[in-house]
Amino acid sequence: MDRIFRRFGLSGKSFIPMLIGSGCSVPGIMASRTIENQRDRRMTIITTSFIPCGAKLPIIALIAGTVLGGAWWVGPLCYFIGIAAVVVSGIILKKTRWFAGDPAPFVMELPAYHLPSLQGVLRSTWERGFSFIKRAGTVILLSSIVIWFLKSYGWVDGQFAAVEDMDHSVLAAMGNVVAPLFAPLGFGTWQNTVATVLGLVAKEEVVNVFGVLYGVGEGALDLVEEGTFDKLAPIAMNFTSLAAISFLTFNLLCAPCFAAIGAIKREMNNWRWTAFAVGYQTVFAYVISFIIYQLGMMATSGFQPMHLLPLALLAGLLYLVFSPNPNERTLKPQAAQKGIPMADILIGGLVLLAAFLAAGKIIKDKRAGRSACAGCSGCAHQRSCPGSQGQPHVNQ
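These numbers come from a predicted model, not from an experiment.

Draft legend 1. Summary view of the overall build of the protein chain. For the protein chain, the helix and strand inventory stands at 18 helices and two strands. A burial count over the protein chain gives 42% of its 396 residues as buried. Within the protein chain, contacts between residues separated by at least 24 positions form 62% of all contacts whose residues are at least 6 apart in sequence. When the accessible surface of the protein chain is totalled, it reaches about 21,800 Å², and 65% of it is carbon and sulfur.

Here it is as C-alpha cells:
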C-alpha cells in the first residue's frame, strides 16, 4: 500500500490507522503513533475519520432503508466517498506549506509476537468494555436526558413550561437558529439540524435523536438494527432522495464524535491543530454536500443562476487536486512541469457535469413513469407494443 498512498501524499503506514478506523475512529487515530514523521502523522489523524466507522453504519442503514428503499449501493457508495475524501484531502493538504515534503520512507519494525496470556486478554477486555459502559452511561445517557428536557419544555404565553407541540420547544428554537446554514444542503429543518449537531456526542445518536424528534420512540436504533424500517416512515417523509444523500455525505465527512475529537487532541497535543482538523473536516463536508445537492438540483430541475456557485466550487476543487504542487516548484523546478494541464482539468469537469445531467435526466424520466426506449427491435413487448401503429411505445 505504500506505493499507492505515496501518490496521494500519505505514508504507507497510514493504511493501518485507516483500517482500524473503519471499526472506530478513536483507536484508528491512536494507531497513528506508529508514524514517526510529524507531517504524515497529522495528515493521517485528519483524514482517518473520513472512513465510515461502526457508529456511522446505523445512519447509513437508516437512510438506505427508509428513504432510498433499501438500495444495496448506498453502503458501498459511503465507503467510496470516504476513500475519495482521503485521497482528495491528501493531495490538497500536501500542497500547503504545513504538509509540504515527501512522505517518509516506509520502514516498519515488527515486534516479537507472543501468544497472549488469559489474564492479559481478560484485563484488556474488561478495560475496554468498562470504558464503553462508562461512556454509554454518562455521555450518551446525559445527552438523551438533555434532548428530552429541551424538546419537552419551552415558552408558552410568556412562561417557561411543558409544551405539547415540539415546534414551540427550546430545542426547536435552538435548531431554527442554526437550520438556515444547512438549508443549501437540502436538510434545513430544525429536526435534521439538531440530529446533525448532536451527532457530535456519538454518531449513532443521530438515529435515536430522529426517533425522539419524529415521534418514532427512543428505540429507533433498535429498529434500524432489526431492519424494521416501516416503523421509521415519519423520518423518511422529511427527506427527498437527493437531500438524504447530501445529509448522509455531510454526517460521514464532518467532525467526528467527542471521543474521537479528544483522541485527536491527545495525539496532536496542540489545541490549534485540533481546531484545524475539526474545522477542515467540517468545511470539507459542507462543500462536498453543497456541491452534491446543488448540482443534483440543477440536473433534475434545470439550471439557475444560483448554481454558478457550486460549479465554481467544483472547478476550484478540481484545480486544487490536479494543479502542480507549488512546493515542488521551489524544491524541484523540473518536476513543476509535470502537472496535469488545465485542459485535462476542464475536460474532467465537463465529464462530471455531463454525468450529473445524465443522472438528472434518468431521474426525471423515472419520476414521469418513462424509461428510455430503443424501438421494438429485440423488445419483450414487441408483439403487443402499439408503436407499430404509430402510437407511443410501451416503454415511453
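Draft legend 2. Representation of the packing of helix H5 (residues 57-67) against helix H13 (residues 241-253) in the model. Where H5 meets H13, the closest approach of the two axes is 10 Å, and the angle between their N-to-C directions is 175°. Relative to H13, the element H5 is oriented roughly antiparallel. In this structure, H5 uses Ile59, Ile60, Ile63 and Val67 to contact H13, whose residues at the interface are Ser241, Ala244, Phe247, Leu248 and Leu252. For the contact of H5 with H13, the per-class residue count stands at eight nonpolar, one polar and no charged.

Draft legend 3. Local environment of the packing of aromatic side chains. Counting across every chain of the model gives 16 aromatic pairs. Centroid distance Trp155 to Phe160: 5.3 Å. Interplanar angle 70°. Geometry classified as edge-to-face. Exposure remark for Phe160: the relative accessible area of 42% places this residue in the partly exposed category.

Draft legend 4. Local environment of the nonpolar core. Formed by 78 residues in total, the largest nonpolar core has its most connected members in Val74, Phe210, Phe239, Phe247, Leu248, Leu253 and Phe284. Among the elements that line this core, the one with the most residues is helix H6 (residues 74-94), at nine residues. In terms of nonpolar packing, the next biggest core, distinct from the first, is built from five residues, Ile291, Leu295, Met298 and Leu318 among them.

Draft legend 5. Quick look at the packing of H5 against H6. Packing of H5 against H6 brings their axes to within 10 Å, and their N-to-C directions diverge by 135°. Judged by the inter-axis angle, H5 sits oblique to H6. Handedness of the H5/H6 crossing: right-handed. Within the contact between the two elements, H5 uses Leu57, Ile60 and Ala64 and H6 uses Val74, Gly75, Cys78 and Tyr79. In terms of residue class, the contact of H5 with H6 is built from six nonpolar, one polar and no charged.

Draft legend 6. Quick peek at the pairing of strand E2 (residues 159-162). Two strands pair when backbone bridges link them, and strand E1 (residues 153-156) and E2 are joined in this way by four bridges, in the antiparallel orientation. Opposite Trp155, over in E2, you have Phe160 as the bridge partner. Connecting E1 to the antiparallel partner E2 that follows it, the hairpin turn spans two residues, and Asp157 within it adopts a positive phi of roughly 55°.

Draft legend 7. Up close: H5. Most of H5 is tucked away, with nine of its 11 residues classed as buried. Tucked into the core, H5 has its buried residues touching H6, helix H10 (205-213), helix H11 (220-226), helix H12 (233-236) and H13. Phi for Gly69, located one or two positions after H5, is positive at around 65°.

Draft legend 8. Focus on the environment of Ser32. With respect to the secondary-structure elements, Ser32 resides in the loop between helix H3 (25-30) and helix H4 (38-48). Between the C-alpha atoms of Ser32 and Glu267, which are 235 residues apart in sequence, the distance is 8.1 Å. Discounting chain neighbours no more than four positions away, the residues touching Ser32 are Pro17, Arg41, Thr44 and Ile45. Within the structure, the side chain of Ser32 is placed 2.5 Å from the backbone oxygen of Ile29, a separation counted as a polar contact.

Draft legend 9. Highlighting unusual backbone geometry. You will see that Asn269, though not glycine, has its phi angle at about 55°, which is positive. Positionally, Asn269 belongs in the loop between helix H14 (258-268) and helix H15 (271-301).

Draft legend 10. Examining the confidence of the model for the protein chain more closely. Scored by pLDDT, the protein chain comes out at a mean of 77, with 76% of its residues at no less than 70. This stretch, residues 331-340, has a pLDDT under 50; its non-local contacts, to residues over four places away or in other chains, come to eight contacts.

Draft legend 11. Molecular detail of a nonpolar patch on the surface. Together, Trp148, Phe149, Trp155 and Phe160 line one region of the surface with nonpolar side chains, adding up to about 470 Å² of accessible area. Among the secondary structure elements, Phe149 is positioned in helix H7 (residues 118-152). Residue classification places Phe149 among the partly exposed positions, given a relative accessible area of 37%.

Draft legend 12. Spotlight on the environment of Lys265. Within the secondary structure layout, Lys265 lies in helix H14. C-alpha of Lys265 to C-alpha of Ala277: the two residues are 12 residues apart in sequence and 9.6 Å apart in space. Beyond its immediate sequence surroundings of up to four residues, Lys265 is in contact with Asn270, Trp271 and Thr274.

Draft legend 13. Region of interest: the environment of Thr66. Relative to the assigned elements, Thr66 resides in helix H5. Under the relative-accessibility criterion, Thr66 is labelled buried at 15%. For the pair formed by Thr66 and Phe239, sequence separation is 173 residues and the distance between their alpha carbons is 9.6 Å. In terms of polar contacts, Thr66 uses its side chain to reach the backbone carbonyl oxygen of Leu62, at 2.4 Å.

Draft legend 14. Main features of the side chain of Thr249. Tracing the chain through its elements places Thr249 in helix H13. Leave out the neighbours within four places in its chain, and Thr249 touches Ile81, Ile288, Ser289 and Ile292.

Draft legend 15. Spotlight on H4. Of all 11 residues in H4, eight are buried; the element is thus mostly enclosed. Within H4, the full set of buried residues consists of Asp40, Arg42, Met43, Thr44, Ile45, Ile46, Thr47 and Thr48. Looking at the buried residues of H4, the elements they touch are helix H2 (15-21), H3, H6, H14 and H15.

Reading the values: rules and limits
Residues numbered from 1 in each chain as written. Predicted model: local features only at pLDDT ≥ 70, side-chain atom pairs only at ≥ 80, totals over all residues. Heavy atoms only, no water. Helix = DSSP H or I, 4+ residues; strand = E, 2+ residues; numbered from the N terminus. Buried < 20%, exposed > 50% of the residue type's maximum accessible area, 1.4 Å probe, protein only. Contact = heavy atoms within 4.5 Å. Areas by Shrake-Rupley, 256 points an atom, 1.4 Å probe, with all protein chains shown as cover. Axes fitted to C-alpha atoms, helices over the stretch in contact; angles between N-to-C directions. Parallel < 35°, antiparallel > 145°, perpendicular 65-115°, else oblique. Nonpolar A, V, L, I, M, F, W, Y, C, P; charged D, E, K, R; others polar. Phe/Tyr/Trp six-rings, centres within 6.5 Å; stacked < 30°, edge-to-face > 60°. Core = buried A, V, L, I, M, F, W, Y, C linked by side-chain atoms within 4.5 Å. Left-handed = near helix turned anticlockwise from the far one by under 90°. Pairing = 2+ DSSP bridges. Polar contact = N/O pair within 3.5 Å; in protein donor to acceptor, adjacent residues only side chain to side chain. pLDDT = per-residue confidence, 0-100. Patch = residues over 30% accessible without salt bridge, like charges linked within 9 Å, V, L, I, M, F, W, Y side chains within 5 Å. Salt bridge = Lys/Arg side-chain N within 4 Å of Asp/Glu carboxyl O.

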